[in-house]
Amino acid sequence: GAAVRDIHRGCRKALHEYLTIEPVMNAAEEQAVTVGADFDPAAIRLIGNVNGSPPFQGVLKHHGWRARAVQLPVLPAARDDASVLSPAEVEIP
C-alpha cells in the first residue's frame, strides 16, 4: 500500500506539472444531471439503460477529466534516442 501511494504522488505531481486539468462536467458526483442533444460522446459516456434520444436524465457517476492546457518540456535538439521518456539520473559525489 505505501509503495502505491508513492507512485500515485509521483503521478499526481507529473500531471500537475505538465497539465492543467478540469472536470468534463462541473456537477457533483451522484447529482442528477441532464445530457443535452449536443453532447460529445468522446467526453460523456452514457451507461446503464440508454434508450431513446437526448436529452437524457441521469445521475453523474464520475465527472471525467479533460486537459485544458498542456505544457510539455522542450526536448533538446541533440537528443539521439527519442524513445527515452526520462533519462536515468546518476549522482556524482
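The sections below set out a description of the structure shown in this document. (Residues numbered from 1 in each chain as written. Predicted model: local features only at pLDDT ≥ 70, side-chain atom pairs only at ≥ 80, totals over all residues. Heavy atoms only, no water.)

**A look at the nonpolar core**
Here comes step 1: Formed by Val 24, Met 25, Ala 27, Val 33, Val 35, Ile 44, Phe 56 and Leu 60, the largest nonpolar core amounts to eight residues.
Here comes step 2: In this structure Leu 60 touches Met 25, Ala 27, Ala 28, Glu 29, Glu 30, Gln 31 and Val 33, once residues within four positions along its chain are discounted. (Core = buried A, V, L, I, M, F, W, Y, C linked by side-chain atoms within 4.5 Å. Buried < 20%, exposed > 50% of the residue type's maximum accessible area, 1.4 Å probe, protein only. Contact = heavy atoms within 4.5 Å.)

**A look at the layout of surface pockets**
Here comes step 1: By volume, the largest pocket is sized at about 570 Å³.
Here comes step 2: Listing elements by their share of the lining of the largest pocket, those giving two or more residues are β2 (32-35) and β3 (56-59).
Here comes step 3: Element by element, the count of residues in the lining of the largest pocket is highest for β3, at four residues.
Here comes step 4: Of the residues in the lining of the largest pocket, the class split is 15 nonpolar, seven polar and two charged. (1 Å grid on protein atoms, 1.4 Å probe; cavity = no way out; pocket = protein on both sides within 12 Å on 5 of 7 lines; lining within 4 Å. Points joined across faces, edges and corners; volume = space filled by probe spheres on them. Helix = DSSP H or I, 4+ residues; strand = E, 2+ residues; numbered from the N terminus. Nonpolar A, V, L, I, M, F, W, Y, C, P; charged D, E, K, R; others polar.)

**Examining the side chain of His 63**
Here comes step 1: Among the structural elements, His 63 can be located in the loop between β3 and β4 (65-70).
Here comes step 2: Beyond its immediate sequence surroundings of up to four residues, His 63 is in contact with Pro 23, Val 24, Met 25, Ala 27 and Glu 29.

Keep in mind these numbers describe shape, not what the thing actually does.
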